[in-house]
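Okay, here's what each chain looks like letter by letter:
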Amino acid sequence: MSQAETDLAAPAGQDSGLTALLRKPWLFWAALFLSTALISHYAFDLYKALDARWIIRFPSAWQPDFEGRISAFMTWLLEDARILGLQFREITRGLAAMIEAPYDLVLDLFVRGLVFGQGQQAVQILPPLSWVAVVYAVVALGHYTKSWALAALMGGCFGYLAVFGQWESAMVTLSSVLIAVPLAAGGGLLLGILAYRLRWVDLMLRPVLDLMQTVPVFAYLVPILFMFGFGPVSALVATIIYAMPPMIRVTIVALRGVPEELAELGRMVGCTPGQQMWKVMVPSAKPTIMVGVNQVIMLTLNMVIIASMIGAGGLGYDVLTALRRLDIGGGIEAGIAIVVLAIALDRLSQEYATRTVEQTARQAQGGWLRRHRWALSAAAVALATFLAGMVLPWIQSYPAAAEISTGAFWTRAMEYINVTYFDTLDAIKTMILQWFMLPVRGFFTGIPWVWGLFAATLIGLRAGGWRLAALVFCLVGLIVLAGLWTPAMMTVYLCGVSVVIASVIGIPLGIWAAGSAGSNRVIGAFVDTLQTLPSFVYLIPVVMLFRVGDFSAMIAIVAYALAPAVRYAAHGIRSIDPQVIEAGIVSGCTPAQLMRRIKLPMIVPELLLGLNQTIMLALSMLVITALVGTRDLGQDVYIALTKADTGQGIVVGLAVAFIAITADRILAASARQMRRKLGIEQ
């Protein structure tokens, strides 16, 4: 019996009306929807009739000054706070210097070269690595990691960056990745190990990780700016914070997944706790841990455009400036360069994660020169191109005259689509807005805060019992107290619309992908591409085709959040016991009946988990779409960033996080209920 069922259990014949309602899902949801629709429609009339403005807007006199207190605390922290006799500002500046030193070194290696002096007095003593040397190095790394096929992919991707004039910006971005990824992955690994070994650390980290993964990126850019100043170091700190949580979670899961027999073997041979962890547990969990490293790389690349707002250069800055200038071609060019770099690093990390023991042992055979032939040859090529570049400049830097620009092509393509298909696109946009999005917006924005708080708590009670209901009441109540109910409902509306459309598209695609190997390859490649694209890249074509507004934001969110709906649906279909399918066929079910009466009911728990992940991605993208004119919490976070208002940024960011955590807990509890009903989970 689920927790909700236990909490709501009552003797036969003595059920209260609320208990009976909660026990019948269809009756509960129908009653809640109809009640909410009526209250939403007539709330404004009720306020007018009773002259009770508090019905639709939480009184400002009742709102605590969260923003002012947080801003005052941040000011005190930076100006007056001391830790071990050191001013807090000095500590943050010291940390910034520790991060900046290796970053400058890597930047010198790939972009600036060894320079003596500053400003106009600067003199370059040694040039950076040539483009030929870098391309050869990544080809060698690809062959060492897997095969010539991966080497060719790596060489093609980095060669593209040189040929299409994106080399210098790409190397700045790569420098950021090479610093942020080791710090985020290493820090995440250590914290994950600590949480695995100490129960209290695990319990303490869980809510922190929930907040780190749900608070919008823009929200913590403001305090980071406050503490570390404007520049690439602040961008690196923000990137590390953004990319670390998945590594911590993956490390905990990976270590718990190590077979007990292996752990017992380590103890039997006399390993110390340190040896047990680093020589038994971590090597055994390496494949799963490398999945976390892959996620860190992808999140780091996803952050490059956002980080450009606080001083990071590179490809992200190019995309941002192109968006501001409405330079269609330049924005798409830089966006494609980010995608190409992401594909190269994604495939490299994935293949490294799947390296076998046999492959590693084979490469370790032979003498020292043979084992390190690729590293030695890369060093030799770097030296040779350095010497040759003194005579032949095109070896050092790819010649500008040979660069190919696709900017004009993309600009003309967008202009052609706009001119030729404007009426069709505008008709589709108008129809979806008029018949779907605007009615949904009216429904959510008309809900009074009193009823919204009650309804959310009731949903929590239905899904997970009194504990979940209390959590939902507290989280939604804090949003109300902060005076953010109206923008929160705009956020729920836009997120909800996008998630529904993403699910309607993604679930059938996932079911189709699970049906055959051919469709799985095609749809898998499509979903992989969507997951590789950084979030900002979606905005470029959407804005060019549909201009700014809610519809453009919805299209970008759907594209960004589609992947989990596809993957979880496909996984659910594949995980169904073949004997169950066989029993249905023997009973005479048609393919349609198999799908409707057997497959779909059995994969509901997986669909709910996919819906959960879709909502998380939609909320993270929702803040990015503030740049295209939405009027929700994301817009408030962006305004706080532009004004450097720490209090407003943190309060609004936490409101978005509370919405995400509420949805996560309710859907997770609902998935557990469905598993118990299907007998999958006890």
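Throughout this description, residue numbers start from 1 for each chain and increase along the sequence as written. In view of the model being predicted, local features appear only for residues whose pLDDT reaches at least 70, and side-chain atom pairs are presented and counted only at 80 or more, with totals across whole chains, interfaces and linings using the full set of residues. Where side-chain values are given, they derive from all heavy atoms of the structure, hydrogens and water being excluded.

**Q** Quick question: what am I supposed to make of the overall build of the protein chain here?
**A** Scanning the protein chain from terminus to terminus reveals 32 helices and four strands. Whether two residues touch is decided by their heavy atoms; if any such pair falls within 4.5 Å, the residues are in contact. Taking the intrachain contacts of the protein chain between residues at least 6 apart in sequence as the baseline, contacts between residues at least 24 apart amount to 77%. Shrake-Rupley sampling with a 1.4 Å probe provides the accessible areas, and residues are treated as covered by the protein chains on show and by no other component. When the accessible surface of the protein chain is summed, it comes to about 33,200 Å², and 67% of that surface belongs to carbon and sulfur atoms. By the criteria applied, helices consist of DSSP H or I runs no shorter than four residues and strands consist of E runs no shorter than two, each listed in order from the N terminus.

**Q** Can you walk me through the packing of helix 3 (residues 25–50) against helix 22 (residues 449–464) in this structure?
**A** Each pair of packed helices can be summarised by the angle the axes make with each other and by the distance between the axes. Between helix 3 and helix 22, the least distance of the axes is 11 Å, while the angle of their chain directions is 170°. It follows from the interaxial angle that helix 3 and helix 22 lie roughly antiparallel. Where helix 3 approaches helix 22, its residues Pro25, Phe28, Trp29, Leu32, Ser35, Thr36 and Ile39 are matched on the opposing element by Trp451, Ala455, Leu458, Ile459 and Arg462. Under the scheme applied, nonpolar residues are Ala, Val, Leu, Ile, Met, Phe, Trp, Tyr, Cys and Pro; charged residues are Asp, Glu, Lys and Arg; polar residues are all the others, including Gly. Considered class by class, the residues forming the contact of helix 3 with helix 22 number nine nonpolar, two polar and one charged. The convention used is that axes are lines fitted to C-alpha atoms, helices contributing only their stretch in contact, and that angles between N-to-C directions extend from 0 to 180 degrees. With respect to orientation, any angle under 35 degrees is reported as roughly parallel, any angle over 145 as roughly antiparallel, any angle of 65 to 115 as roughly perpendicular, and every other angle as oblique.

**Q** Mind showing me how you'd approach the side chain of Ser349 here?
**A** Checked against the element boundaries, Ser349 lands in helix 16 (residues 328–353). Take Ser349: its relative accessible area is 6%, and that puts it in the buried class. As used in this structure description, the phrase polar contact means that two N or O atoms lie within 3.5 Å; if the pair is within protein, one of them must be able to donate a hydrogen and the other to accept it, and residues adjacent in sequence are counted only when both atoms belong to side chains. Within the structure, Ser349 has its side chain in polar contact with the backbone oxygen of Asp346 (distance 2.9 Å). In this structure, Ser349 is in contact with Met290, Asn294 and Ile297, ignoring residues within four places of it in sequence. In this scheme, a residue with accessible area under 20% of its type's maximum is buried, one over 50% is exposed, and one in between is partly exposed, where area comes from a 1.4 Å probe on protein chains only.

**Q** How do you make sense of the nonpolar core when you look at a structure like this?
**A** For soluble globular proteins, nonpolar side chains are generally found buried alongside one another. By size, the foremost hydrophobic cluster in this structure holds 174 residues, and its most contacted members are Phe158, Trp167, Met171, Phe218, Leu221 and Phe536. With sequence-adjacent residues up to four places away left out, Phe536 is seen in contact with Ile305, Ile306, Met309, Leu320, Leu323, Ile624 and Leu627. Counting residues in each nonpolar core, the second largest holds 22 residues, with Ile447, Leu468, Val476 and Met489 among its members. By convention a nonpolar core is built from buried Ala, Val, Leu, Ile, Met, Phe, Trp, Tyr and Cys residues, the set being connected through side-chain atoms within 4.5 Å.

**Q** Can you walk me through the environment of Thr420 in this structure?
**A** Secondary-structure assignment places Thr420 in helix 21 (residues 407–445). In this structure the C-alpha to C-alpha distance between Thr420 and Met544, which are 124 residues apart in sequence, comes to 14 Å. Of the polar contacts made by the side chain of Thr420, one reaches the backbone oxygen of Tyr416; its length is 2.8 Å.

**Q** Please clarify how unusual backbone geometry should be interpreted in this entry.
**A** Leaving glycine out, the prevailing phi sign among residues is negative, and the prevailing peptide bond configuration is trans. The backbone of Arg547 sits at a positive phi, close to 60°, despite the residue not being glycine. Mapped onto the fold, Arg547 is located in the loop between helix 26 (535–546) and helix 27 (550–574).

**Q** Any chance you could explain a nonpolar patch on the surface here in plain terms?
**A** Each patch is built from residues that are more than 30% exposed by relative accessible area and take part in no salt bridge. Like charges join if they lie within 9 Å; nonpolar side chains (Val, Leu, Ile, Met, Phe, Trp, Tyr) join within 5 Å. Salt-bridge detection follows one rule: a side-chain nitrogen of Lys or Arg within 4 Å of a carboxyl oxygen of Asp or Glu. Nonpolar side chains collect at one region of the surface, where Leu383, Leu387, Met390, Val391, Leu392 and Trp394 lie side by side and expose about 650 Å² of accessible area between them. Note that Leu387 resides in helix 19 (residues 373–389). Classification of Leu387 by relative accessible area gives partly exposed; the value is 47%.

**Q** Before we go on, may I ask you to explain the packing of aromatic side chains in this structure?
**A** The description of two aromatic rings rests on the distance between their centres and on the angle between their planes. Side-chain rings of Phe, Tyr and Trp, where Trp is taken by its six-membered ring, are said to pair if the distance between their centres is within 6.5 Å; with planes under 30 degrees apart they count as stacked, over 60 as edge-to-face, and otherwise as tilted. Across all of its chains, the model carries 13 aromatic pairs by this definition. With a centroid separation of 4.9 Å and 75° between ring planes, the pair formed by Phe28 and Trp29 is classed as edge-to-face. By relative accessible area, Phe28 is classed as buried at 1%. Centre to centre, the rings of Phe546 and Phe551 are 5.1 Å apart; their planes meet at 70°, and the pair counts as edge-to-face.

**Q** Even after reading the chapter, I still don't get the side chain of Glu333, so can you show me in this structure?
**A** One can find Glu333 in helix 16. On the accessibility criterion, Glu333 (11% relative accessible area) is buried. If sequence neighbours within four positions are ignored, Glu333 has contacts with Gln166, Ile404, Ser405, Thr406, Gly407 and Trp410.

**Q** Is there a simple way to think about the pattern of salt bridges in this case?
**A** Two side chains that carry opposite charge are able to pair once their charged atoms sit near each other. Enumeration over the complete set of coordinates arrives at 13 salt bridges. Between Glu264 and Arg267 there is a salt bridge whose closest N-O contact spans 2.9 Å. Taken together, the residues span about one helical turn, with Glu264 and Arg267 both in helix 12 (residues 260–268) at a distance of three residues. A relative accessible area of 44% means that Arg267 is categorised as partly exposed.

**Q** Please explain helix 13 (residues 273–284) as it appears in this structure.
**A** Every α-helix winds through 3.6 residues per turn, so residues three or four apart in the chain are directed the same way. Expected span of a helix, by definition, is 1.5 Å for each gap between consecutive residues, and there is one gap fewer than residues. The end-to-end C-alpha distance of helix 13 is 15 Å, a good match for the 16 Å that 12 residues give at a rise of 1.5 Å each. For helix 13, the set of buried residues is Gln276, Met277, Val280, Met281 and Val282. On its buried side, helix 13 packs onto helix 8 (167–197), helix 11 (232–256), helix 12 and helix 14 (286–307).

**Q** What am I meant to see in the confidence of the model for the protein chain here?
**A** The quantity known as pLDDT measures the predictor's confidence residue by residue, on a range of 0 to 100. Averaged over all residues, the pLDDT of the protein chain equals 84, while 94% of them reach at least 70. Averaged over each element, pLDDT in the protein chain is lowest for helix 1 (residues 3–8) (44) and highest for helix 23 (residues 466–481) (94). In this model, residues 1–14 is a region of pLDDT below 50 whose contacts with residues beyond four sequence positions or in other chains number 23 contacts.

**Q** How should the environment of Phe230 be read in this particular structure?
**A** Mapped onto the elements, Phe230 comes out in the loop between helix 10 (217–228) and helix 11. Its relative accessible area of 64% is what places Phe230 among the exposed residues. Along the backbone, Phe230 and Met309 are 79 residues apart, and their C-alpha atoms lie at a distance of 9.2 Å. With near-sequence residues (within four places) excluded, Phe230 lies in contact with Leu225, Met309, Ile310 and Gly311.

**Q** Hey, could you run me through the environment of Glu264 in this one?
**A** A relative accessible area of 35% places Glu264 in the partly exposed class. Separated by 12 residues in sequence, Glu264 and Gln276 place their C-alpha atoms 9.6 Å apart.

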